[in-house]
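Residue-level structure breakdown
Given next are the chains, with one letter for each unit.
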Amino acid sequence: MAKLANFFISGVWKDVNDNITHVLLHKVNDDNSFKFGDKTDEQTVIKLLKQKFLIKTITWGYPDWSIGAEVTYVSNNGREFLRTVANATVKDNLDNSLNMKPIRS
């Protein structure tokens, strides 16, 4: 099986304005397995995307993870935002990811 992505995002941290500041980023192994994620700031993820790494969302669906949409970024008024592909909203929109603030700092 081909590698599904280079990284998965399973959760997000947001600021008081509801903007993503960090994500829980998991490196994907050659067999599509992954382990614990690392809290990674939004700009680092955007740099990975600019380097052509493929990043997708994952969601927990009991009893297993589901692969979600491809992640990209957009620029709006001089600010870059993470978003998923196939959505026209010009802001971050990884809303189906876990809110990590109460879980892990």
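Residues numbered from 1 in each chain as written. Predicted model: local features only at pLDDT ≥ 70, side-chain atom pairs only at ≥ 80, totals over all residues. Heavy atoms only, no water.

Section: the overall build of the protein
Scanning the protein for helices and strands turns up 1 helix and 7 strands. Start at the N end of the protein and walk to the C end: the helices and strands fall as β-β-β-α-β-β-β-β. Long-range pairs, those at least 24 residues apart, make up 42% of the contacts in the protein between residues at least 6 apart in sequence. Carbon together with sulfur atoms contributes 51% to the accessible area of the protein, which is approximately 6500 Å² in total. (Helix = DSSP H or I, 4+ residues; strand = E, 2+ residues; numbered from the N terminus. Contact = heavy atoms within 4.5 Å. Areas by Shrake-Rupley, 256 points an atom, 1.4 Å probe, with all protein chains shown as cover.)

Details of the confidence of the model for the protein
Averaged over all residues, the pLDDT of the protein is 86; the fraction at 70 or higher stands at 81%. Of the regions scoring below 50 in pLDDT, residues 88-92 engages in 14 contacts with residues more than four places distant in sequence or in other chains. (pLDDT = per-residue confidence, 0-100.)

Things to note about the pattern of salt bridges
The tally for this structure, following the rule as stated, stands at 4 salt bridges. The salt bridge partner of E42 is R79, with a shortest N-O separation of 3.3 Å. Taken together, the positions of E42 in helix α1 (residues 42-50) and R79 in strand β6 (residues 79-84) put the pair 37 residues apart, joining distant regions of the chain. Measuring nitrogen to oxygen at the nearest pair gives 3.0 Å for the salt bridge that ties E80 to K50. Linking E80 in strand β6 with K50 in helix α1, this pair joins segments that are 30 residues apart in sequence. (Salt bridge = Lys/Arg side-chain N within 4 Å of Asp/Glu carboxyl O.)

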